[in-house]
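So you can see what is in the structure, the chains are spelled out below.
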Amino acid sequence: MLRSLVLMGRGGTKSVLGLAARRKQARCSSNDAKNLPSGGPLVEQVKAGVIGATAGLVGSLAGLGGGFVMIPMMTHQSRRALVSGLGLTQHQAHGTSLFAVGSTGLFGAIGYGIKSDAVAEADDAEGNQGLVELDSAMAISATAMITARFGALFAARLSEKALQRALGAFMMFVAPLVPGKRYLLQENGERKSADDCASNDHLLHASMIGCFSGFLSGIFGVGGGAIVVPALVLSTDTTQHTAVATSLAAMVLPSMVGTYTHYCKGNVALRVAPLIALGSAAGSYFGGRYVGTELNEDVMKAGFSVLMLVLGAKTWKKGAT
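Residues numbered from 1 in each chain as written. Predicted model: local features only at pLDDT ≥ 70, side-chain atom pairs only at ≥ 80, totals over all residues. Heavy atoms only, no water.

Draft legend 1. Spotlight on the overall build of the protein chain. The secondary structure content of the protein chain amounts to 15 helices and two strands. Going through the 321 residues of the protein chain one by one, you find that 45% of them count as buried. Within the protein chain, residue pairs in contact and separated by at least 24 positions form 81% of the contacts whose partners lie at least 6 positions apart. Accessible area of the protein chain: about 16,200 Å², with a carbon and sulfur share of 64%. (Helix = DSSP H or I, 4+ residues; strand = E, 2+ residues; numbered from the N terminus. Buried < 20%, exposed > 50% of the residue type's maximum accessible area, 1.4 Å probe, protein only. Contact = heavy atoms within 4.5 Å. Areas by Shrake-Rupley, 256 points an atom, 1.4 Å probe, with all protein chains shown as cover.)

Here it is, written out as structure tokens:
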């Protein structure tokens, strides 16, 4: 009798433990299903390429790496498979975006062309003058490569909601900067002398810009163009087109440093990153080569502002709920 009671007790315990294990497994499977993009691997790869191409095109026109466009698209959730994102977490989206930012910057800069005396005559003969100021781009990259790592490490310490709110707030903050250049320069123009542009002071300005842009690039998974473009047009005599092209060239090396740091933290989704980078490269080259040089500066400024404001508000709302 006693032996029967013991066996019954053991059997009951096993049943309870088995039920608990099955419930835990079901919860894990449910969570995994939420994180996986619907539509299958082929649809996922197609969406990755489309996201990269869209972000690369838009980024090349605004002097951004496209991260501000990529991240909301990668984390977007929808019941429809074709319009849903890639099912990435906020941290994964930032790291994966930075993986693609390098290709956006590189091919976008190639599309705009390098500004130098050696190729000026050839460019003029073809009707295309290079816009990338290579010395400024190198100065920005030198300091941004150092601070990008610290930004990526800081991002890993933030919660997902905090990261979303920070990104949304930053996007809404930078939205009016470039369109407001004209009004800011009217008040500060008298304090700028001609020597500022004739000397090497612009390289010092570029290095300081790189410190901030690199850190923000590491945090938000972007190219840093949101800082570089308005900072260049506000602190120097750089035109909008030149600032955009220079910003694209400057983000290549810092994005590599930030990507490696995010990868070490497990925040780069390698299953989709190559396709996003490939699409981003194609979109940014097309935008820099055939679209960006043809657009009016005021149109580019207005588009930059509206895009940042809309996506920033959407990202902030997502992090606040």
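From this point, things continue past the structure.
Draft legend 2. Structural detail: the packing of helix H4 (residues 90-112) against helix H7 (residues 160-174). Following both chains from N to C, one finds H4 and H7 inclined at 50°, their axes separated by 9 Å at the closest point. As far as their axial angle goes, H7 and H4 are oblique. Two secondary-structure elements touch here, H4 through Gln90, His91 and His94 and H7 through Glu160, Leu163, Gln164 and Leu167. Across the contact of H4 with H7, the residue classes tally to two nonpolar, four polar and one charged. (Axes fitted to C-alpha atoms, helices over the stretch in contact; angles between N-to-C directions. Parallel < 35°, antiparallel > 145°, perpendicular 65-115°, else oblique. Nonpolar A, V, L, I, M, F, W, Y, C, P; charged D, E, K, R; others polar.)

Draft legend 3. Structural view of the packing of aromatic side chains. Taken as a whole and judged by the stated rule, the model has two aromatic pairs. With a centroid separation of 5.2 Å and 15° between ring planes, the pair formed by Phe170 and Phe220 is classed as stacked. Of this pair, Phe170 sits in helix H7 while Phe220 sits in helix H10 (residues 201-220), placing them 50 residues apart in sequence. Considered together, Phe170 and Phe220 belong to a single accessibility category, that of buried residues. (Phe/Tyr/Trp six-rings, centres within 6.5 Å; stacked < 30°, edge-to-face > 60°.)

Draft legend 4. A look at the environment of Asp237. Relative to the assigned elements, Asp237 resides in the loop between helix H11 (225-235) and helix H12 (240-250). Classification of Asp237 by relative accessible area gives exposed; the value is 58%. Between the C-alpha atoms of Asp237 and His202, which are 35 residues apart in sequence, the distance is 9.5 Å.

Draft legend 5. A look at the pattern of salt bridges. Following the criterion strictly, the structure yields one salt bridge and no others. With a closest N to O distance of 2.8 Å, Glu44 and Arg271 form a salt bridge. Note that Glu44 is positioned in helix H2 (residues 40-62) and Arg271 in the loop between helix H13 (252-264) and helix H14 (273-291), a separation of 227 residues in sequence. Residue class for Glu44 comes out buried when judged on its relative accessible area of 8%. (Salt bridge = Lys/Arg side-chain N within 4 Å of Asp/Glu carboxyl O.)

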